[in-house]
Amino acid sequence: MIIKSSSYAVSAVREDQYPKDNLPEIALAGRSNVGKSSLINTLLKRKNLARTSSQPGKTQTLNFCKVNEKFYLVDVPGYGYAKVSQKKRQEFGEMIQDYLETRPNLKGLIILVDSRHEPTKDDIAMYDYAQYLNIPILVVCTKMDKIKKSQTNKVMSGLKKKLNLNYDHVTVLTFSSVTKLHVTELSNWIEKRINE
Ligand code: GTP
Ligand code: MG
């Protein structure tokens, strides 16, 4: 897939604010700071279309970016950030749940996990939840530039074990926004989902 155009479209916290032009959507979920916004920018070759930050908790709404006038990438607030209040966390949870459970345009979910840490309880819960909802899943293991090449197999087998991954149903990619590792494969997966 060649990226010809990309633009920020809208931020939403509830259904009546979602885009109304009925295009397919691919959402990104993962722990705060795992690299969701960076992945979007890397894929779209944009510097800061999806706003990134070294401070966790940057993304607080569902942010829709329109790509090639053909589909949306949906940047979702990260989970598991301790400094977000209990009330806010519950609001985020409900907002994400509403979106994932009710949005017919949603064609795939990219779940990001940090290659430097074992998947957390939240990662496992998100993965199980998406499977239960029957959404096609791509697991992306981020920040691979921070991992020694010799550690790759260990990281992948840890991931497989913790998430109880079944490769027949789920695709897994290692990724880095710094080295652009597997950005083509990522783009291919998205293209396939939006054309299904
Ligand atoms: P929230 O919006 O808080 O949920 O975070 P996010 O998942 O959108 O993370 P974001 O893309 O803002 O990245 C968080 C930090 O990690 C930033 O400082 C990024 O520069 C850094 N980062 C993201 N991806 C990579 C990567 O592949 N390699 C390295 N080394 N750093 C990365
Ligand atoms: Mg973000």
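Residues numbered from 1 in each chain as written. Chains lettered and ligands numbered in written order. Predicted model: local features only at pLDDT ≥ 70, side-chain atom pairs only at ≥ 80, totals over all residues. Heavy atoms only, no water.

Visitor: Tell me about the pattern of salt bridges, and please be specific about residues and values.
Guide: Scanning the entire structure with this criterion turns up eight salt bridges. Notably, a salt bridge pairs D21 with K66, separated by 2.9 Å at the nearest N-O pair. With a gap of 45 residues between them, D21 in the loop between β1 (6–12) and β2 (25–30) and K66 in strand β3 (residues 62–67) connect regions that are remote in the sequence. Using a relative accessible area of 17% as the deciding quantity, one classes K66 as buried. For the salt bridge of K87 with E91, the shortest nitrogen-to-oxygen distance reads 3.1 Å. Pair noted here: K87 and E91 are both in helix α2 (residues 86–102), with a separation of four residues, about one helical turn. According to the relative accessible area criterion, E91 is partly exposed, its value standing at 35%. Among the charged side chains, a salt-bridge network with shared partners connects D21, K66 and E69. (Salt bridge = Lys/Arg side-chain N within 4 Å of Asp/Glu carboxyl O. Helix = DSSP H or I, 4+ residues; strand = E, 2+ residues; numbered from the N terminus. Buried < 20%, exposed > 50% of the residue type's maximum accessible area, 1.4 Å probe, protein only.)

Visitor: Tell me about the side chain of D114, and name the residues and values.
Guide: Along the chain, the position of D114 falls in strand β5 (residues 106–114). Here R116 takes part through its backbone nitrogen, which lies 2.9 Å from a polar atom of the side chain of D114. In this structure D114 touches R31, V34, T142 and K143, once residues within four positions along its chain are discounted. (Polar contact = N/O pair within 3.5 Å; in protein donor to acceptor, adjacent residues only side chain to side chain. Contact = heavy atoms within 4.5 Å.)

Visitor: Tell me what's going on with the sheet that holds strand β4 (residues 71–75), and back it up with residues and numbers.
Guide: Ordered in space as β1-β3-β4-β2-β5-β6-β7, the seven strands form an open sheet in which the pairing is mixed. The two strands at the open ends of the sheet, each matched to only one other strand, are β1 and β7 (171–174). Ignoring which end each strand starts from, the neighbouring axes of this sheet average 25° apart. Examined bridge by bridge, β5 and strand β6 (residues 137–142) share six bridges and lie parallel to one another. Each residue of the ladder has a partner; that of L109, found in β6, is I137. Strands in contact with helix α4 (residues 152–163) are β5, β6 and β7; relative to β6, the strand with the most contacts, it is inclined by about 140°. (Pairing = 2+ DSSP bridges. Axes fitted to C-alpha atoms, helices over the stretch in contact; angles between N-to-C directions.)

Visitor: Explain the site of ligand 1 to me, and be specific about the residues and the numbers.
Guide: Taken together, 22 residues lie near ligand 1, and K36, S38, G57, D145 and S177 sit nearest. S32 places a side-chain nitrogen or oxygen 2.9 Å from an oxygen atom of ligand 1. Burial of ligand 1 by the surrounding chains reaches 86%, relative to a free accessible area of 660 Å². (Near = heavy atom within 4 Å. Areas by Shrake-Rupley, 256 points an atom, 1.4 Å probe, with all protein chains shown as cover.)

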